[in-house]
Amino acid sequence: MSYANLIPLPDSEFNPFFFDELQKPAETYYKIYNDGGHYIATRCYRSQMQPMERNRKREDIDIFFDSLYTAAMQDGLKGDEMTAYIKTGILLLFSDYSDLDKYIADKIERKLHNLYARKKRFRRKANLNRWNYFVTFTYDDGKHDADSFRAKLRKCLSNLHTRRGWRYMGVFERAPESGRLHFHGLLYIPDGEHIGTITEKTDYSTAQGKMQTTHENDFFQKAFGRNDFEELNEMELKHGQTLNYLLKYIGKTGERIVYSRGIPTEIYRKLNDDEIVTEMQDFGTKYILFDNVISWERDIMHFKYKQMSIIDLICNPPRYGLTA
């Protein structure tokens, strides 16, 4: 693909070809995200074409490494303990593998890099978007097993997103003691789009060994089992405890994060100088924005990546094709 083929529609309000010979934009677009405290912007510059990277085909040793790495993470192993555990396991089946130490070190480094990227993406999505509930769903044995619970809950949330505008992001996790699968997540439910009735209940938690108060939705109780709809406010998210609670499961279990469609990690728009508080250096030049520059309703809620596909390639190109 070449930039010569990227022709905007005649009625389009933005033109990706705003770069002069010095590759500085005449009309500056910015990529904007929220770090949990402020909106941060970085300027978008033209990307350069790079040769496409070809992924190496996964071999049996790669699959075996992944299983050992997951087991080590679940057991809380780190550093040298993790390396020794994985090496011992691999030697049982691949005793003659050349340069095994380098192979393990490179794979662990890549795993940790990918985990960091997943957590950063999760935080930025959570901080940029609006949420009003922290939820937990646990299935009833009389209604589901682990597989049907996972599939049916994802389908249910997807339908609520499509029909009622719900947004969600979260992760499935197995309880350490019982191994029972449950789901923790963030929900945004628009006004007037609730289903079911939420009732406050107090009962004894065997896991915590004390009485606990939950807010149970009768629709989800009938469909799945125990659930808790805990109301959230903006400050609770900014303090980070809710996000940290979710992020610990991402690293511990290796579970894929569940997202509804339309939750941007960042948005793109033009900025004026008077919308910028100051600039800072953090692996490049970044700009701190005034809090009232970005509006949830105007800039985030209805943001569509398809509308910005070309500027997205310029600002944040995929690693297999374009690089900044």
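Engineer: Outline the packing of aromatic side chains, supporting the account with residue identities and numerical values.
Structural biologist: For the structure on display, the rule yields 20 aromatic pairs. A centroid spacing of 6.1 Å and a plane angle of 80 degrees characterise the contact between Phe65 and Tyr103, whose relative ring orientation is edge-to-face. Placement of the pair is Phe65 in helix 1 (residues 60-74) and Tyr103 in helix 3 (residues 100-128), with a sequence separation of 38 residues. Each ring, one from Phe220 and one from Phe224, has its centre 6.2 Å from the other, and the planes form 20 degrees; the classification is stacked. Classification of Phe224 as buried rests on a relative accessible area of 4%.

Engineer: So what about the nonpolar core? Which residues, and what values?
Structural biologist: Ranked by internal contacts, the top residues of the largest apolar core, which has 48 residues, are Ile32, Ile86, Ile90, Phe122 and Leu186. Looking at which element gives the most residues to this core, the answer is helix 3, with eight residues. Apart from residues no more than four positions distant in its own chain, Ile90 is found in contact with Ile61, Phe64, Phe65, Leu68, Ser95, Leu100, Tyr103 and Ile104. If you look at the next biggest cluster of nonpolar residues, it comprises 22 residues, including Phe149, Leu187, Ile189 and Phe220.

Engineer: Help me get a handle on the environment of Met301, residues and values and all.
Structural biologist: Locating Met301 in the fold gives a position in the loop between helix 8 (296-300) and helix 9 (309-315). Judged by relative accessible area, Met301 falls into the partly exposed class, the value being 24%. Sequence separation of Met301 and Ile263 is 38 residues, and the distance between their C-alpha atoms is 8.3 Å. Among residues more than four places away in sequence, those in contact with Met301 are Arg167, Tyr188 and Trp296.

Engineer: Lay out the sheet that holds strand 9 (residues 227-231) with the relevant residues and their values.
Structural biologist: Here we have five strands laid out as an open sheet, ordered 9-4-6-5-10, and antiparallel in their pairing. Strands at the two margins of the open sheet, each flanked by one partner only, are strand 9 and strand 10 (257-259). Across the sheet, the mean angle separating the axes of adjacent strands is 20 degrees when strand polarity is ignored. Relative to strand 9, strand 4 (residues 133-138) runs antiparallel, the two being bridged by five bridges. Bridge assignment links Phe134 to a residue of strand 9, and that residue is Glu230. Across the sheet, helix 3 lies against strand 5 (167-174), strand 6 (181-188) and strand 10, angled at about 30 degrees from strand 10, the strand it touches most. Relative to the sheet, helix 4 (residues 146-164) contacts strand 4, strand 5, strand 6 and strand 10, its axis offset from that of strand 5 by approximately 170 degrees.

Conventions and cut-offs
Starting afresh in each chain, residues are numbered from 1 along the sequence in its written order. Where local features are concerned, this predicted model is filtered to residues with pLDDT of at least 70; where side-chain atom pairs are given and counted, the filter is 80 or more; whole-chain, interface and lining totals use all residues. Note that the side-chain values use all heavy atoms of the structure and ignore hydrogens as well as water. Working definition: a ring pair exists when centres of Phe, Tyr or Trp rings (six-membered ring for Trp) sit within 6.5 Å. Plane angles under 30 degrees give stacked, over 60 give edge-to-face, the rest tilted. Helix and strand definitions follow DSSP, with helices as H or I runs of at least four residues and strands as E runs of at least two, each counted in order from the N terminus. Relative accessibility thresholds used throughout: buried, under 20% of the residue-type maximum; exposed, over 50%; partly exposed, between the two (1.4 Å probe, protein chains only). Definition used in this section: a nonpolar core is a set of buried Ala, Val, Leu, Ile, Met, Phe, Trp, Tyr and Cys residues joined via side-chain atoms within 4.5 Å. It only takes one pair of heavy atoms within 4.5 Å for two residues to be counted as in contact. Any two strands between which DSSP finds at least two bridges are classified as paired. Comment: axis = line fitted to C-alpha atoms, over the contacting stretch for helices; angle = value between 0 and 180 degrees taken between N-to-C directions.

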